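Structural overview
Each chain, letter by letter, is given below.
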Amino acid sequence: VVTRDDVEESLKAKRQYIRDKEQLLEDLRSQIEETEQRISVKQSERDYWLEYRNVGSKTQANKIMNLEKDIKEVKDDHDRAIEHYRNALKAVKEENDILLEKHMKSSKEQAPENSVRYLDKNIRREIAENEWLKAEVKMYQKEVSDLKASVQLLEEENIHLATKLSYRLQHLGV
C-alpha cells in the first residue's frame with residue numbers, strides 16, 4: 001500500500017532529482033560555453049600564428065635582412081670615419097711636430113741674439129770680435145789647406161823629376 005506521504009515523498013525526490021539534473025545540465029552548458037570561448041580564443045590565436053607563419057614571418061625576415069644591411073652600412077661608415085679621423089689626427093700631429101721643430105729651430109737661432117741684446121757694450125764688442133776671429137780662422141784654414149795641397153803637388157812633381165833625373169843619370173853611366 002502506497003500512502004499519500006509516500007507519493008509526495010517520491011514526487012519530492014523526483015523533483016529534487018530533476019532539479020539536480022537541471023542544475024547539472026546548467027553547469028555543463030556553462031562549461032561548454034567556457035570551453036567554446038577558450039576554443040574561440042585558441043582558434044583566433046592559431047589563425048594569428050598561421051597568418052604570421054604564412055605572411056608575417058616573411059615580412060619580418062625582410063625587415064631583419066634590411067636591418068642587418070643597415071647595421072652593416074653603419075659599421076662600414078663607422079670604420080671609414082674612424083680611419084678618416086685617425087689619418088686626420090696623424091696629419092695634424094705631423095704638422096704640429098714640424099711647426100714645433102721650426103719654432104724650436106728659430107728659437108735656438110734667436111736665443112743668442114736675444115741674449116746679446118741684454119749684455120753690456122764691452123761684452124757685445126767681444127762677441128763681435130770673436131765672430132770676426134772665427135771667420136778669419138776659417139779663411140786661414142782654407143788658405144792652409146790650399147797651400148798644403150799645392151805643397152803636396154810640388155813634392156810629387158819634385159819626386160817625379162828626381163826619379164827622372166836619377167834614371168837619366170843611370171843611363172848616362174855616371
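Here is a short report on the structure shown in this document. Please read all numbers here as calculations on a predicted model, not as lab measurements. (Residues numbered from 1 in each chain as written. Predicted model: local features only at pLDDT ≥ 70, side-chain atom pairs only at ≥ 80, totals over all residues. Heavy atoms only, no water.)

1. Digging into the overall build of the protein
When you go through the protein residue by residue, the secondary structure sums to two helices and zero strands. In terms of overall size, the protein is more extended than a compact globule, its C-alpha atoms giving a radius of gyration of 60 Å where 174 residues would be expected to give roughly 16 Å. Reported as C-alpha extents along the three principal axes, the dimensions of the protein are approximately 195 × 65 × 30 Å. In the protein, which comprises 174 residues, the share counted as buried stands at 1%. Carbon and sulfur atoms make up 57% of the accessible area of the protein, which amounts to about 16900 Å² in all. In the protein, 33 positive and 37 negative side-chain charges are present, and the distance between their average locations comes to 2 Å. (Helix = DSSP H or I, 4+ residues; strand = E, 2+ residues; numbered from the N terminus. Rg over C-alpha atoms; globule rule 2.2 N^0.38 Å. Buried < 20%, exposed > 50% of the residue type's maximum accessible area, 1.4 Å probe, protein only. Areas by Shrake-Rupley, 256 points an atom, 1.4 Å probe, with all protein chains shown as cover. Lys, Arg positive; Asp, Glu negative; His and termini not counted. Charge placed at Lys NZ, Arg CZ, Asp CG, Glu CD.)

2. Quick word on the packing of aromatic side chains
Applying the stated criterion to the full structure yields two aromatic pairs. Centre to centre, the rings of Tyr-48 and Trp-49 are 5.1 Å apart; their planes meet at 75°, and the pair counts as edge-to-face. Between Trp-49 and Tyr-52, the aromatic rings sit 5.7 Å apart at their centres with planes inclined by 85°, giving edge-to-face as the arrangement. Taken as a pair, Trp-49 and Tyr-52 lie in helix 1 (residues 4-117) at a separation of three residues, close to a single helical turn. A connected cluster of aromatic rings, assembled from ring pairs, spans Tyr-48, Trp-49 and Tyr-52. (Phe/Tyr/Trp six-rings, centres within 6.5 Å; stacked < 30°, edge-to-face > 60°.)

3. Details of the pattern of salt bridges
Taken as a whole and judged by the stated rule, the model has seven salt bridges. Arg-46 is the partner of Asp-47 in a salt bridge, and the nearest nitrogen-oxygen pair spans 3.9 Å. For Arg-46, a relative accessible area of 46% gives the class partly exposed. Across the salt bridge formed by Glu-83 and Arg-86, the nearest N and O atoms sit 3.5 Å from each other. On the criterion of helical spacing, the pair formed by Glu-83 and Arg-86 is a turn pair, its members being three residues apart in helix 1. (Salt bridge = Lys/Arg side-chain N within 4 Å of Asp/Glu carboxyl O.)

4. Here's the deal with a nonpolar patch on the surface
Together, Leu-24, Leu-25, Leu-28 and Ile-32 give the surface a local cluster of nonpolar side chains, amounting to about 350 Å² of exposed area. If you trace the backbone, Leu-28 turns up in helix 1. (Patch = residues over 30% accessible without salt bridge, like charges linked within 9 Å, V, L, I, M, F, W, Y side chains within 5 Å.)

5. Quick word on the environment of Ile-39
With respect to the secondary-structure elements, Ile-39 resides in helix 1. For Ile-39, a relative accessible area of 52% puts it in the exposed group. C-alpha of Ile-39 to C-alpha of Trp-132: the two residues are 93 residues apart in sequence and 115 Å apart in space.

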